[in-house]
Amino acid sequence: QVQLVESGGALVQAGGSLRLSCAASGRTFSIHTLGWFRQAPGKDREFVAAISWGGGRTNYADSTKGRFTVSRDNAKNTVYLQMNSLEPEDTAVYYCAARIRNAPRDNKPHEYDYWGQGTQVTVSS
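Residues numbered from 1 in each chain as written. Predicted model: local features only at pLDDT ≥ 70, side-chain atom pairs only at ≥ 80, totals over all residues. Heavy atoms only, no water.

Enquirer: Residue-level account of the sheet that holds strand β8 (residues 78–83), with values.
Expert: With antiparallel pairing, four strands are arranged side by side in an open sheet as β1-β3-β8-β7. Two strands close off the open sheet at either side, each with one partner strand: β1 (2–7) and β7 (68–73). Strand-to-strand twist across the sheet, computed as the mean angle between neighbouring axes with direction ignored, equals 20°. As paired elements, strand β3 (residues 18–26) and β8 share six bridges and run antiparallel to each other. Of the residues in β8, the one forming a bridge with Arg19 is Gln82. (Pairing = 2+ DSSP bridges. Helix = DSSP H or I, 4+ residues; strand = E, 2+ residues; numbered from the N terminus. Axes fitted to C-alpha atoms, helices over the stretch in contact; angles between N-to-C directions.)

Quick look at the structure:
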């Protein structure tokens, strides 16, 4: 089992920045990829970014590329999502998710095995 706990969500003005954290515990050695997803009210869960646990390979959604940066600190078993130039459209609950298998794509929620409880990000205009 892998446990994931997100933190760092807040209310921020448009153009501002936030850094989300995802702390992993349990069988972290089994993690292949850790992804960030978000879900706004009435919308499907949307891929944001992903990072491979061991090699640092990153992947971003088109909507976040150039504004968001995903990184990891393996010593702390923590993955970060630095979000800059935030827009009201970024308002959502942000989730981190762990995948224990290799997969051809990072953006499919059903490919992930463990999920955190989510953290709310609200961007005001």
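Enquirer: Talk me through the packing of aromatic side chains; I want residue IDs and the actual numbers.
Expert: One pass over the structure, following the stated rule, counts five aromatic pairs. Taking the centre distance of 5.1 Å and the plane angle of 80° together, the rings of Phe37 and Tyr112 count as edge-to-face. Taken as a pair, Phe37 in strand β4 (residues 33–39) and Tyr112 in the loop between β9 (92–99) and β10 (114–115) lie far apart in primary sequence, 75 residues in all. Taking the centre distance of 6.3 Å and the plane angle of 80° together, the rings of Tyr95 and Trp115 count as edge-to-face. Taken together, the residues span a long stretch of sequence, with Tyr95 in strand β9 and Trp115 in strand β10 at a distance of 20 residues. Under the relative-accessibility criterion, Tyr95 is labelled buried at 14%. Through successive ring pairs, a cluster of aromatic residues spans Phe37, Phe47, Tyr95, Tyr112 and Trp115. The ring of Tyr95 carries the charged tip of Arg45 above its face, separated from the ring centre by 3.9 Å. (Phe/Tyr/Trp six-rings, centres within 6.5 Å; stacked < 30°, edge-to-face > 60°. Buried < 20%, exposed > 50% of the residue type's maximum accessible area, 1.4 Å probe, protein only. Lys NZ or Arg CZ within 6 Å of the ring centre and 35° of its normal.)

Enquirer: An account of the environment of Val2 is needed here, citing residue identities and associated values.
Expert: Here Val2 is to be found in strand β1. Since its relative accessible area comes to 6%, Val2 is described here as buried. Along the backbone, Val2 and Arg19 are 17 residues apart, and their C-alpha atoms lie at a distance of 22 Å. Among all residues touching Val2, those that are not within four sequence positions of it are Ser25, Arg27, Ser30, Ile31, Ala98 and Tyr114. (Contact = heavy atoms within 4.5 Å.)

Enquirer: Account for the environment of Leu18, naming residues and giving values.
Expert: As for its placement among the helices and strands, Leu18 is situated in strand β3. For the pair Leu18 and Leu81, spaced 63 residues apart in sequence, the C-alpha separation works out to 8.2 Å.

Enquirer: Describe the nonpolar core, listing the residues and the values that go with them.
Expert: Formed by 29 residues in total, the largest nonpolar core has its most connected members in Leu4, Trp36, Val70, Leu81, Met83 and Tyr94. Only β1, β3, β4, β5 (46–52), β7, β8, β9 and β11 (119–124) provide two or more residues apiece to this core. Once residues lying within four places of it in the same chain are set aside, the contact partners of Leu4 are Cys22, Ala23, Ala24, Leu34, Cys96, Ala97, Ala98, Tyr114, Trp115, Gly116 and Gln117. (Core = buried A, V, L, I, M, F, W, Y, C linked by side-chain atoms within 4.5 Å.)

Enquirer: Provide a residue-level description of the state of the cysteines, including the pertinent values.
Expert: Per the counting criterion, the structure on display carries one disulfide. With its sulfur 2.1 Å from that of its partner, Cys22 forms a disulfide with Cys96. On the sign convention where negative means left-handed, the S-S torsion of about 65° between Cys22 and Cys96 marks this disulfide as right-handed. With Cys22 in strand β3 and Cys96 in strand β9, this pair connects stretches of sequence that are 74 residues apart. The residues Cys22 and Cys96 share a single accessibility class, namely buried. (Disulfide = S-S within 2.5 Å.)

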